[in-house]
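In case you want the letters, here they are:
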2 protein chains.
Amino acid sequence: MRWKCEAAYDGTEYAGWQSQPNGNAVQDFIERRLAVIFERPVRIHGAGRTDSGVHARGQVFHFDGDWPHGAARLLVALRVGFPRSLQIISVEHVGASFHARLSAVGKRYRYAYYAGHASPFEYRYYWSLGRRSPDVEAMNRGAAHLIGEHDFSAFGANPRDGRRESPVKTLRKLVVTQDGRRIFLETEGSGYLYRMVRSLAGCLLDVGIGKLRPEQVGEILASRQRTSLVATAPADGLSLEKVFYPEMADASVPPDRAVIESEP
Amino acid sequence: MRWKCEAAYDGTEYAGWQSQPNGNAVQDFIERRLAVIFERPVRIHGAGRTDSGVHARGQVFHFDGDWPHGAARLLVALRVGFPRSLQIISVEHVGASFHARLSAVGKRYRYAYYAGHASPFEYRYYWSLGRRSPDVEAMNRGAAHLIGEHDFSAFGANPRDGRRESPVKTLRKLVVTQDGRRIFLETEGSGYLYRMVRSLAGCLLDVGIGKLRPEQVGEILASRQRTSLVATAPADGLSLEKVFYPEMADASVPPDRAVIESEP
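What you are looking at is a predicted structure, and each value in this text was computed from that prediction instead of being measured.

1. Brief notes about the side chain of H93(B)
Residues and elements named next belong to chain B. The topology assignment puts H93 in strand 4 (residues 86-94). Since its relative accessible area comes to 16%, H93 is described here as buried. If near-sequence neighbours (up to four positions away) are discounted, H93 is found in contact with M1, R2, W3, V253, P254 and D256.

Written out as structure tokens, the structure reads:
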């Protein structure tokens with residue numbers, strides 16, 4: 001039986017998503033809990049690896065395990081035994097063809113800036129900009145150069161594990177909104193290079209504070225070269241919001257999904 | 001020279017306000033920083049002691065120290081060297097008659113409940129009620145019995161340090177509001193007994209979920225006896241929002257106040 005799960009976590013408290021020798025990654029916590037529930041080692045497969053300090057409101061992973069008691073009871077079992085900074089928010093029985101990473105058709109990320117000093121209650125989730133107060137309209141003019149299918153090499157970084165992947169990605173959405181001192185960059189795309197969202201966030205902030213002109217974003221993109229013109233924004237502001245999958249009607253699996261009572 | 005300061009902190013990370021042998025109280029962090037700035041031990045005086053786990057958005061303290069460089073530079077010096085979960089948000093030069101605790105004429109507290117499971121990003125600041133969904137109107141009917149001047153012995157607890165104080169307090173405001181799953185109890189009063197706000201929050205939740213009738217709140221108050229009918233709500237949901245002082249025009253002190261750029 002294959003199970004698809006959604007997880008939310010405060011990345012401040014973990015060494016990123018991917019399993020670490022010190023056992024302090026999100027994946028480690030979840031696999032340790034599953035080993036208790038299933039009384040054997042269980043390997044999970046995440047939709048994407050969030051870096052240390054990066055948050056998630058909708059990370060997705062899957063695993064295989066025989067569990068005859070239904071999704072609702074699996075969700076209850078899975079919510080116990082974690083720190084409250086890591087929560088499983090949904091569990092769904094899916095067909096064996098589902099794969100959290102390979103089946104994903106897109107992801108939504110949000111990058112959050114705070115124009116000022118974020119309070120003790122929010123600082124973990126914002127890049128505090130101090131006295132810098134970016135021009136959101138300029139940021140959106142810069143962002144417009146990035147929408148669509150492009151070679152994003154200028155906004156990528158070399159992943160630590162030497163993975164190679166195509167630098168051609170499609171951004172369906174890249175928009176900056178403002179709510180008082182809180183500024184949000186929201187992006188939906190087919191996929192992202194390593195540290196790409198943080199690089200977009202760093203570059204667009206520089207447009208917002210006049211260090212770069214909006215048109216330069218298009219020139220940087222066209223150069224396909226990562227240079228010091230593109231700064232990487234800190235991890236704190238970044239959150240993986242949602243992973244998108246195609247509608248999959250798998251007649252072999254009866255519908256069984258459980259979600260906790262919560263709202264954003 | 002006397003300085004009045006406002007502080008905000010995430011109580012989850014500290015052993016309460018009052019200085020502790022392990023040095024992990026908010027007061028300890030602030031006094032250590034002041035000792036560096038003034039190159040001598042500096043004792044601070046807080047408006048009130050928040051318990052371990054209780055938050056503050058507007059705790060007030062004062063101290064004496066010669067600082068010829070003005071409030072703005074003192075604020076900058078005071079914001080450095082703390083964890084970001086503890087922030088000094090304002091500094092004001094005041095007259096020698098000001099005392100953070102003795103001059104205070106009232107305090108505003110907020111208690112926050114979450115009808116469901118608060119996310120990894122909010123759980124520190126709410127009492128998560130799971131499946132319990134309180135009736136806010138009933139809570140307000142119960143709260144109405146507590147407005148005004150009363151002997152609040154039934155909602156107090158014995159302080160650990162054996163302090164004795166009058167159980168007669170005046171609540172000017174005690175109102176429950178709802179924003180989706182988030183429910184807030186806000187209270188303004190002349191003063192509060194030890195654990196009184198958490199006792200009010202626990203008792204009014206029991207009214208909201210039908211364990212107590214609204215009229216029973218008045219009966220409990222009139223009994224002036226603390227009994228097991230009044231439960232103490234957990235510290236997480238509580239925050240000291242503001243300390244009130246009378247307008248004090250002290251002609252001997254030129255106006256000098258600095259505030260950080262922030263909003264709630």
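From this point, the narrative continues.
2. Some remarks on the relation of the copies chain A and chain B
Expressed as a screw transformation, the operator carrying chain A onto chain B has a rotation angle of 180 degrees and an axial translation of 0.0 Å, and the superposed copies differ by an RMSD of 0.0 Å. The superposition of one copy onto the other is thereby described by a two-fold rotation axis. A shared interface surface links the copies, since 100% of the contact residues of chain A are contact residues in chain B too.

3. Here we look at the packing of aromatic side chains
Taken as a whole and judged by the stated rule, the model has 28 aromatic pairs over all chains. Counting every residue linked through ring pairs, the aromatic cluster contains Y9(A), W17(A), F38(A), F61(A), F63(A) and W67(A). When the ring centre of F29(A) is taken as origin, the NZ or CZ atom of R32(A), which lies over that ring, is 4.8 Å away. Here the guanidinium or amino end of R57(A) rests over the ring plane of F121(B), the centre of that ring lying 4.4 Å away.

4. What about the domain arrangement of chain A?
In many reports, interface size means the accessible area that the parts give up when they come together. All names here are of chain A. For chain A, the assigned domains read domain 1 (2-103 + 245-259) and domain 2 (107-241). The centre of domain 1, based on its C-alpha atoms, is set 27 Å off from the matching centre of domain 2. In this assembly, 16 residues from domain 1 lie in contact with 16 residues from domain 2. Together, the buried faces of domain 1 and domain 2 total about 1200 Å²; carbon and sulfur atoms form 45% of this surface. Ranking the residues of domain 1 by area buried against domain 2 places D51, H55 and R57 at the top, with a combined share of 43%. Summed over the shared surface of domain 1 and domain 2, the result is 4 salt bridges. A salt bridge links D51 to R198; the nearest nitrogen and oxygen atoms lie 3.5 Å apart.

5. Some words on helix 1 (residues 26-38) of chain B
All names here are of chain B. Its 13 residues give helix 1 an end-to-end C-alpha distance of 18 Å, which sits within 8% of 18 Å, the value for a rise of 1.5 Å per residue. Counting buried residues along helix 1, 10 of its 13 residues qualify, which places the element largely inside the surrounding structure. Residues of helix 1 that are buried: V26, Q27, D28, F29, I30, E31, R33, L34, I37 and F38. Buried residues along helix 1 sit in contact with strand 1 (2-9), strand 3 (55-64), helix 2 (71-79) and strand 4.

6. Remarks on the interface of chain A and chain B
Counting from both sides, the interface comprises 34 residues of chain A and, opposite them, 34 residues of chain B. Both faces combined, the contact of chain A with chain B buries some 2800 Å², and carbon together with sulfur accounts for 45% of it. If you look at where chain A meets chain B, you find 6 salt bridges. Note that R84(B) is salt-bridged to D236(A), the shortest N-O span being 3.1 Å. Here chain A and chain B share 8 residue pairs in polar contact (both at pLDDT 80 or more) between them.

7. Regarding the nonpolar core
In terms of nonpolar packing, the biggest core is built from 77 residues, with I30(A), F63(A), I88(A), Y113(A) and F155(A) touching the most fellow members. Take this core: its biggest share by element is 8 residues, from helix 4 (residues 196-208) of chain A. Looking at which domains feed residues into this core, each of domain 1 (2-103 + 245-259) and domain 2 (107-241) of chain A gives three or more. What Y113(A) contacts, discounting residues up to four positions off in sequence, is Y126(A), W127(A), L129(A), M139(A), R181(A), R182(A), I183(A), L185(A), A201(A) and L205(A). Membership of the second largest hydrophobic core comes to 76 residues, among which are V60(B), L185(B), A201(B) and V243(B).

8. Regarding the environment of I30(B)
Residue and element names in this part refer to chain B. By secondary structure assignment, the location of I30 is in helix 1. Note on I30: relative accessible area 0%, which makes it buried. If near-sequence neighbours (up to four positions away) are discounted, I30 is found in contact with W17, I44, F61, F82, L86 and I88.

9. Points about the confidence of the model for chain A
Mean pLDDT for chain A: 94, with 97% of residues reaching 70 or above. Here the predicted complex carries an ipTM of 0.89, next to a pTM of 0.91.

Conventions we followed
- Residues numbered from 1 in each chain as written.
- Chains lettered and ligands numbered in written order.
- Predicted model: local features only at pLDDT ≥ 70, side-chain atom pairs only at ≥ 80, totals over all residues.
- Heavy atoms only, no water.
- Helix = DSSP H or I, 4+ residues; strand = E, 2+ residues; numbered from the N terminus.
- Buried < 20%, exposed > 50% of the residue type's maximum accessible area, 1.4 Å probe, protein only.
- Contact = heavy atoms within 4.5 Å.
- Least-squares fit on C-alpha atoms with pLDDT ≥ 70 in both.
- Phe/Tyr/Trp six-rings, centres within 6.5 Å; stacked < 30°, edge-to-face > 60°.
- Lys NZ or Arg CZ within 6 Å of the ring centre and 35° of its normal.
- Domains from an automatic or database assignment.
- Buried area = accessible area lost by both parts, 1.4 Å probe.
- Salt bridge = Lys/Arg side-chain N within 4 Å of Asp/Glu carboxyl O.
- Expected span 1.5 Å × (residues − 1).
- Polar contact = N/O pair within 3.5 Å; in protein donor to acceptor, adjacent residues only side chain to side chain.
- Core = buried A, V, L, I, M, F, W, Y, C linked by side-chain atoms within 4.5 Å.
- pLDDT = per-residue confidence, 0-100.

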